[in-house]
Amino acid sequence: MFVIVGYILVIGSVLGGFLMAGGHLHVLWQPVELIIIGGAAIGGFIVSNTNKVLKAVGKGLASCFKNTAVTREFYMSLMALMYEVLTKVRKEGLMSIEGDVEEPEQSPLFQKYPDVLADHHIIEFMTDYLRLMVSGNLNPMEIEALMDGELETHHQEAHTPASAVQKMADGLPAFGIVAAVMGVVHVMGSVGQVSNAELGNMIAAALVGTFLGILLSYGFVGPLASLLEQKISESSKPFECVKTTLLASLNGYSPALSVEFGRKVLYSTERPTFLELESHVKGTKG
């Protein structure tokens with residue numbers, strides 16, 4: 001919704017200001033310039049990215065038009081789930097959760113939190129390290145190093161679509177110049193063959209290419225790349241929360257203190273208060 005509203009404001013402000021200055025909208029309608037700029041930009045985008053990145057970009061752009069799934073309620077469920085898992089470990093031992101981590105979809109413990117269970121990435125991350133904890137062959141420092149390596153890989157992979165879109169945005173002004181130069185070449189080749197009025201229209205059409213390249217870059221594609229970056233940053237926080245909570249447990253802290261460690265790494269806009277989290281996990285457990 002906000003993406004559409006933003007685009008409407010961009011178009012309304014640019015065209016409205018142009019009209020207020022006495023401009024004529026029909027002059028800006030230059031489909032040939034759009035074909036040159038858009039076609040060249042898309043072609044360069046396809047050449048510069050692998051099939052995997054192109055699919056990731058498509059998926060990422062679709063997410064820009066949806067509300068984020070990482071809400072305060074999701075974090076409350078995630079931390080309540082970890083609290084219950086760690087409480088079970090403390091009371092019954094690590095082997096008691098072996099069945100839960102091997103088949104989380106069949107686990108009554110995980111089934112209590114369908115919103116978390118629906119996110120197979122976070123479930124896979126959590127159960128992988130719980131499985132390592134059950135094996136008992138790695139110490140906390142080794143598990144932390146392994147987590148850091150996996151999160152770094154996830155971070156690099158997740159930022160690839162945003163980087164690809166940003167590079168496309170950076171290239172659009174240059175393609176606008178290409179379209180403008182081609183228009184000027186056409187104008188110069190027409191000198192002496194058409195009237196001065198027609199030459200004026202052709203020069204205006206050529207200049208529209210520069211205008212469109214800059215507008216598409218900074219008003220449309222560039223903001224999408226920035227939004228993708230923000231959504232990626234938000235989607236990484238649940239993994240950091242799980243990491244911090246599990247490491248706190250491995251270092252001997254109680255389940256209540258462990259989830260408090262995880263709560264502290266959340267952004268302030270989604271972070272529940274200490275009392276909210278405490279009441280939620282105890283109420284869910286009860």
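Details of the structure are given in the entry above.
These figures come from a predicted structure and were not determined experimentally. (Residues numbered from 1 in each chain as written. Predicted model: local features only at pLDDT ≥ 70, side-chain atom pairs only at ≥ 80, totals over all residues. Heavy atoms only, no water.)

## What about the packing of aromatic side chains?
Then, number 1: Under the definition given, this model contains five aromatic pairs.
Then, number 2: Summarising the aromatic geometry, the rings of Phe74 and Tyr75 are spaced 6.1 Å apart at their centres and angled 70° between planes, so their arrangement reads as edge-to-face. Across this residue pair, the class does not change: Phe74 and Tyr75 are buried.
Then, number 3: When the centroid spacing of 4.8 Å and the interplanar angle of 40° are considered together, the rings of Tyr253 and Phe261 count as tilted.
Then, number 4: On the accessibility criterion, Tyr253 (37% relative accessible area) is partly exposed. (Phe/Tyr/Trp six-rings, centres within 6.5 Å; stacked < 30°, edge-to-face > 60°. Buried < 20%, exposed > 50% of the residue type's maximum accessible area, 1.4 Å probe, protein only.)

## Quick word on the pattern of salt bridges
Then, number 1: Here the structure, examined in full by the defined rule, presents eight salt bridges.
Then, number 2: In this structure, Asp148 engages Lys243 in a salt bridge whose closest nitrogen and oxygen atoms are separated by 2.4 Å. Here Asp148, found in helix H10 (residues 140-190), pairs with Lys243, found in helix H11 (residues 196-250); they are 95 residues apart in sequence, far enough to count as distant.
Then, number 3: The exposure class of Asp148 is partly exposed, given its relative accessible area of 34%. (Salt bridge = Lys/Arg side-chain N within 4 Å of Asp/Glu carboxyl O. Helix = DSSP H or I, 4+ residues; strand = E, 2+ residues; numbered from the N terminus.)

## Here we look at a nonpolar patch on the surface
Then, number 1: Together, Ile11, Leu15, Leu19 and Leu25 make up an exposed nonpolar region whose accessible area comes to about 310 Å².
Then, number 2: Residue contributions to the nonpolar patch peak at three residues, all from helix H1 (residues 2-20).
Then, number 3: Along the chain, Ile11 falls in helix H1. (Patch = residues over 30% accessible without salt bridge, like charges linked within 9 Å, V, L, I, M, F, W, Y side chains within 5 Å. Areas by Shrake-Rupley, 256 points an atom, 1.4 Å probe, with all protein chains shown as cover.)

## Section: helix H9 (residues 120-135)
Then, number 1: Over its 16 residues, H9 runs 22 Å from end to end, which matches the ideal 22 Å to within 8%, given 1.5 Å per residue.
Then, number 2: Buried within H9 are the following residues: Ile122, Ile123, Phe125, Met126, Thr127, Tyr129, Leu130, Met133 and Val134.
Then, number 3: Residues of H9 that are buried make contact with helix H5 (72-92), helix H6 (98-102), helix H7 (108-111), helix H8 (114-117), H10 and H11.
Then, number 4: Directly after H9, the chain includes Gly136, whose backbone phi takes a positive value near 70°. (Expected span 1.5 Å × (residues − 1). Contact = heavy atoms within 4.5 Å.)

No statement about biological role is implied by the geometric values presented.
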